[in-house]
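# Remarks on the overall topology
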Amino acid sequence: MIQNIVKGIQAYFGAFGLISKLKLWKYFIIPMFISLLTATFVGFMAYTFSDNIGHYVANFWKWEFGKQTFEVISTFISGLIIVVIGLILYKHIVMALSAPFMSPVSEKIEDYLRGEDHTHRITSFQEQLIRGIRINLRNLTRELLLTIPILLLGFIPVIGIISTVLLFLMQAYYAGFGNMDYTLERHFKYRESINFVKENKGLAIGNGIVFMLFLLIPIIGVILVLPLSVTAATTETIKKIQLKKLPE
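One structure accompanies this document, and this report is about it. (Residues numbered from 1 in each chain as written. Predicted model: local features only at pLDDT ≥ 70, side-chain atom pairs only at ≥ 80, totals over all residues. Heavy atoms only, no water.)

### So, the overall build of the protein chain
Scanning the protein chain from N- to C-terminus turns up 9 helices and 0 strands. When the helices and strands of the protein chain are placed in sequence order, the string is α-α-α-α-α-α-α-α-α. Burial status across the protein chain gives 48% buried among its 248 residues. Across the protein chain, contacts joining residues at least 24 apart in sequence account for 82% of those joining residues at least 6 apart. Carbon and sulfur atoms make up 71% of the accessible area of the protein chain, which amounts to about 13,500 Å² in all. (Helix = DSSP H or I, 4+ residues; strand = E, 2+ residues; numbered from the N terminus. Buried < 20%, exposed > 50% of the residue type's maximum accessible area, 1.4 Å probe, protein only. Contact = heavy atoms within 4.5 Å. Areas by Shrake-Rupley, 256 points an atom, 1.4 Å probe, with all protein chains shown as cover.)

See the structure below:
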C-alpha cells in the first residue's frame, strides 16, 4: 500500500506539463468555476453558522461562571465540525457535477498514453453525470458515517492526534476514489469500479493526500486542485487497468 501511496503522490509532478502538452486547460474552465463557487458557498456557510451554533450550544451552560469560556470553546468546536463536513460536501458536490467534463479529459489522456486503438465503453454526458452523482452519493454517505465517530475520538486525550490523521486519510481516500472513477467509468461497471478502488486503496489515498493539501492554498488551490488531481489519477489508474487486463 505504501508503494501505491507514493505513486499516487508522484503522479502529480508530471500533471501540469501533461495538461499543457495536450492543451486540456480549456476543458477545465467549467469544473474550475464549479469548484470555486462551491468552495465560496461552503466557506460562507461555515463562517455564518459556526457562531450561531456555538451560541446555541452555550445556552446549555446554565451557570454564569465560565459561560464565556464555554461559548468560545463551543463556537470553535462547532466551526471545526462545520468545516470538516463542509470539506466533505465540497469534495463530493464538485466531483459529481464535474463528472461529464472530467471523463472526456480522462479519455483524451488515455488516448495519448495508450494510443487511440484501445477499446472502452462509450458513455453519454447524462450517463457520466448520473454515474458521478451515484458514486459520490455513496461515498458521501459512508464518509459522513465514519466522520462522526472519528470526530468523537478527537476529544479523547492522546487518541485525538490519531483521530486527526484518520480523518485526513479517510478524506484523502474518498477524494482519490472520485478522481479515479473518471477513468474507471469507461472500463468497469459501478460495482466493479468500487472493487477496483478497494484493491488499490494506496493509489486513491496518495492522490487524495495532495488533493486535500491543495485545498489549504487559498483560491489558487481550489482552482487547480481538480485539473491536477484528475490528471494524476488518470495516468496511474490507466497503468493499473492495463495490469489488471493482462492475460494470466
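### Brief notes about the nonpolar core
Grouped together as the largest cluster of nonpolar side chains are 56 residues, with contacts concentrated most on Met180 and Phe211. Looking at this core, the elements with two or more residues in it are helix H2 (15-21), helix H3 (29-58), helix H4 (67-114), helix H5 (125-153), helix H6 (159-184), helix H7 (190-199), helix H8 (201-214) and helix H9 (220-245). Of all the elements, H6 adds the most residues to this core, at 10 residues. (Core = buried A, V, L, I, M, F, W, Y, C linked by side-chain atoms within 4.5 Å.)

### Quick word on the environment of Ile29
Summarising the element assignment, Ile29 is placed in helix H3. Through-space distance from the C-alpha of Ile29 to that of Phe101 is 9.4 Å; in sequence the pair is 72 residues apart.

### Side note on the side chain of Ser106
Here Ser106 is to be found in helix H4. We classify Ser106 as buried; its relative accessible area is 0%. Looking at Ser106, its side chain comes within polar contact range of the side chain of Arg186, at 3.2 Å. When neighbours within four sequence positions are excluded, Ser106 is seen to be in contact with Tyr182, Thr183, Arg186 and Thr234. (Polar contact = N/O pair within 3.5 Å; in protein donor to acceptor, adjacent residues only side chain to side chain.)

### Brief notes about the packing of H5 against H7
Remark: H5 packs on H7, axes separated minimally by 12 Å, with the N-to-C direction vectors making an angle of 50 degrees. Taken together, the axes of H5 and H7 lie oblique to each other. The handedness of the crossing between H5 and H7 is right-handed. On H7, the residues touching Arg131, Arg134, Ile135 and Arg138 of H5 are Tyr190, Ser193, Ile194 and Lys198. (Axes fitted to C-alpha atoms, helices over the stretch in contact; angles between N-to-C directions. Parallel < 35°, antiparallel > 145°, perpendicular 65-115°, else oblique. Left-handed = near helix turned anticlockwise from the far one by under 90°.)

### Brief notes about the packing of helix H1 (residues 2-10) against H8
Relative to each other, H1 and H8 sit at 40 degrees, their axes nearing to 7 Å. By the angle class used here, H1 and H8 are oblique. Where H1 crosses over H8, the two elements pack in a sense that is right-handed. Where H1 abuts H8, its residues Asn4, Ile5, Lys7, Gly8 and Ile9 lie against Gly202, Leu203, Ile205, Gly206, Asn207, Ile209 and Val210.

### With respect to the packing of aromatic side chains
Under the definition given, this model contains 5 aromatic pairs. Summarising the aromatic geometry, the rings of Tyr173 and Tyr174 are spaced 5.0 Å apart at their centres and angled 70 degrees between planes, so their arrangement reads as edge-to-face. A single burial state applies to Tyr173 and to Tyr174, both of which are buried. Note on Tyr173 and Phe177: the rings are 6.1 Å apart at their centroids and 85 degrees apart in plane angle, and the pair reads as edge-to-face. Taken together, the positions of Tyr173 and Phe177, both in helix H6 and 4 residues apart, correspond to about one turn of that helix. The exposure class of Phe177 is buried, given its relative accessible area of 1%. By way of ring pairs, the aromatic residues Phe16, Trp25 and Phe28 are connected into one cluster. Between the NZ or CZ atom of Arg134 and the centre of the ring of Tyr190, over which it lies, the distance is 3.6 Å. (Phe/Tyr/Trp six-rings, centres within 6.5 Å; stacked < 30°, edge-to-face > 60°. Lys NZ or Arg CZ within 6 Å of the ring centre and 35° of its normal.)

Read these as geometric descriptors, not functional statements.
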